[in-house]
Amino acid sequence: MLRLAAILYSLIATALAGSAVIAVLTAGLVSTVAIVSAAAAGCVAALPASWLVAKRLYQNPA
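Here we summarise the structure given alongside this text. The structure presented is a predicted model; accordingly, all values stated were derived computationally and were not measured. (Residues numbered from 1 in each chain as written. Predicted model: local features only at pLDDT ≥ 70, side-chain atom pairs only at ≥ 80, totals over all residues. Heavy atoms only, no water.)

1. A short note on the overall build of the protein chain
Note the threshold: Strands are runs of DSSP state E lasting at least 2 residues, helices are runs of H or I lasting at least 4, and numbering of each runs from the N terminus. In this treatment the radius of gyration is a C-alpha quantity, and the globule benchmark scales as 2.2 Å times the residue count to the 0.38 power. Summary of the burial criterion: residues with accessible area below 20% of their type's maximum are buried, those above 50% are exposed, and those between are partly exposed, where the area comes from a 1.4 Å probe applied to protein chains only. Only the protein chains shown count as cover for residues, and the accessible areas themselves come from Shrake-Rupley with a 1.4 Å probe.
Helix and strand content of the protein chain: 2 helices and 0 strands. For the protein chain, the C-alpha radius of gyration of 14 Å lies well beyond 11 Å, the compact-globule estimate for 62 residues. Each principal axis of the C-alpha distribution contributes one length, and for the protein chain these read about 45 × 15 × 15 Å. A total of 62 residues make up the protein chain; the buried ones form 21% of that total. Of the accessible surface of the protein chain, which amounts to about 4400 Å², a share of 74% is contributed by carbon and sulfur atoms.

Structural data, given as structure tokens:
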């Protein structure tokens, strides 16, 4: 399950980090610190999200 979570992390982290950066830029915060912080927060938030998605995929065999 760890390999699946790692693969999912690469997809989920880019989506969450990109969304967070777009949200920060839309809010008018154009400083480097705000953009990097939003990207880092998206990457950190993707850790439990990818683990939960991988766990859910293993529990529900289609």
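2. Considerations on helix α1 (residues 2-26)
Filter applied, for reference: Each helix should span, by expectation, one fewer than its residue count multiplied by 1.5 Å. Bend at a given residue is defined as the angle between two axes, one fitted to the seven residues that end at that position and one fitted to the seven that begin there. The contact definition used throughout considers only heavy atoms, calling two residues in contact when any of these lie within 4.5 Å.
For α1, built from 25 residues, the straight-helix expectation of 36 Å at 1.5 Å per residue is met to within 8% by its first-to-last C-alpha distance of 35 Å. Approximately 30° is the largest bend angle found in α1, and it occurs at Y9. Residues of α1 that are buried: A5, L8, I12, A13, A17, V21 and V24. Looking at the packing, one finds that the buried side of α1 touches α2 (32-59). Remark: G28 follows α1 within two positions and exhibits a positive phi of approximately 95°.

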